[in-house]
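# Coordinate inspection notes
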Amino acid sequence: DATGGQLFNLSSFQQDAQPVINAVLAACVEAATPVKVDIKPTSCPNPFNLKKKGVIPVAILGTEDFDVNSIDPETIKLEGECGPIRWDIEDVSTPYEDGFSDPPLEGECNTLGADGFPDLTVKFDSQCVATTQSETVGRETRIWSVSGTYINNNGKNIEFQAKDVV
């Protein structure tokens, strides 16, 4: 169940166990982390200009299995350093479920709007985020992370990290 039904050829496990172990661990971690994010909700691709001032909208997405009201907004960080300017609860987006390639592609996102589940919408200072990025010449697709904590059904604080492509 934790691997989402993904099948593995165990005969290849005897020859080279590492790919099978990596796939199982990645699937289990993904299944154990219910948090999904959408940077620039309903936009795809998600452009970012290092020199632009303003805010970056991010939605931490609620689902049937995850209530965003369990998140402590004070713990949220974008790119490990930037805290939120403000936040609200509203339904704005639908999770992107297909995962990311390596290297990521700019179209690995969706433009789907509200899905019936409340989302935690958070605004970040774009100049704070710009300081976390190395400058490049031209376009580059990157994965950004949003981290924080939520309280699980047992009352325990759980750290999370969710990612989206920019």
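Structure first, text after, so check above.
Counting from 1, residues in each chain are numbered in the order their sequence is written. Where local features are concerned, this predicted model is filtered to residues with pLDDT of at least 70; where side-chain atom pairs are given and counted, the filter is 80 or more; whole-chain, interface and lining totals use all residues. Each side-chain value is worked out from all heavy atoms of the structure, with water and hydrogens disregarded.

A word on the pattern of salt bridges. For side chains bearing opposite charge, pairing can occur when the charged atoms are close. The term salt bridge refers to a side-chain nitrogen of Lys or Arg lying within 4 Å of a carboxyl oxygen of Asp or Glu. Evaluated as defined, the whole model comprises two salt bridges. Across the pair Glu97 and Lys36 runs a salt bridge whose closest N-O atoms are separated by 3.8 Å. Of this pair, Glu97 sits in the loop between β4 (86-90) and β5 (119-125) while Lys36 sits in strand β1 (residues 36-39), placing them 61 residues apart in sequence. On the accessibility criterion, Glu97 (55% relative accessible area) is exposed. Comment: elements are numbered from the N terminus, with helices defined as DSSP H or I runs of at least four residues and strands as E runs of at least two. Partly exposed describes any residue whose relative accessible area lies between the buried limit of under 20% and the exposed limit of over 50%, with all areas from a 1.4 Å probe on protein chains only and scaled to the type maximum.

Note on terminology: pairs of cysteine sulfur atoms within 2.5 Å are recorded as disulfides. Taken as a whole and assessed by the stated rule, the structure comprises two disulfides. Here Cys44 engages in a disulfide with Cys109; their sulfurs sit 2.0 Å apart. Between Cys44 and Cys109 the sulfur-sulfur dihedral comes to about 85°; the bridge is accordingly right-handed. On the criterion of sequence distance, the pair formed by Cys44 in the loop between β1 and β2 (55-61) and Cys109 in the loop between β4 and β5 is long-range, its members being 65 residues apart. By relative accessible area, which is 28% here, Cys44 ends up partly exposed. Under the relative-accessibility criterion, Cys109 is labelled buried at 9%. One disulfide bridge connects Cys82 with Cys128, the sulfur atoms lying 2.1 Å from each other. Between Cys82 and Cys128, the S-S torsion sits near -100°, and that sign places the bridge as left-handed. Residue Cys82 is located in the loop between β3 (77-78) and β4, and its partner Cys128 is located in helix α3 (residues 126-131); the two are separated by 46 residues in the primary sequence.

It is worth spelling out the packing of aromatic side chains at this point. Pairing of aromatic rings covers Phe, Tyr and the six-membered ring of Trp, with a centre-to-centre limit of 6.5 Å; geometry is then stacked below 30 degrees between planes, edge-to-face above 60, and tilted otherwise. Per the counting criterion, the structure on display carries four aromatic pairs. For the pair Tyr96 and Phe100, a centre-to-centre distance of 6.1 Å together with 25° between the ring planes defines the contact as stacked. An aromatic cluster is defined as three or more aromatic residues linked by ring pairs; in this entry it consists of Phe66, Tyr150 and Phe160.

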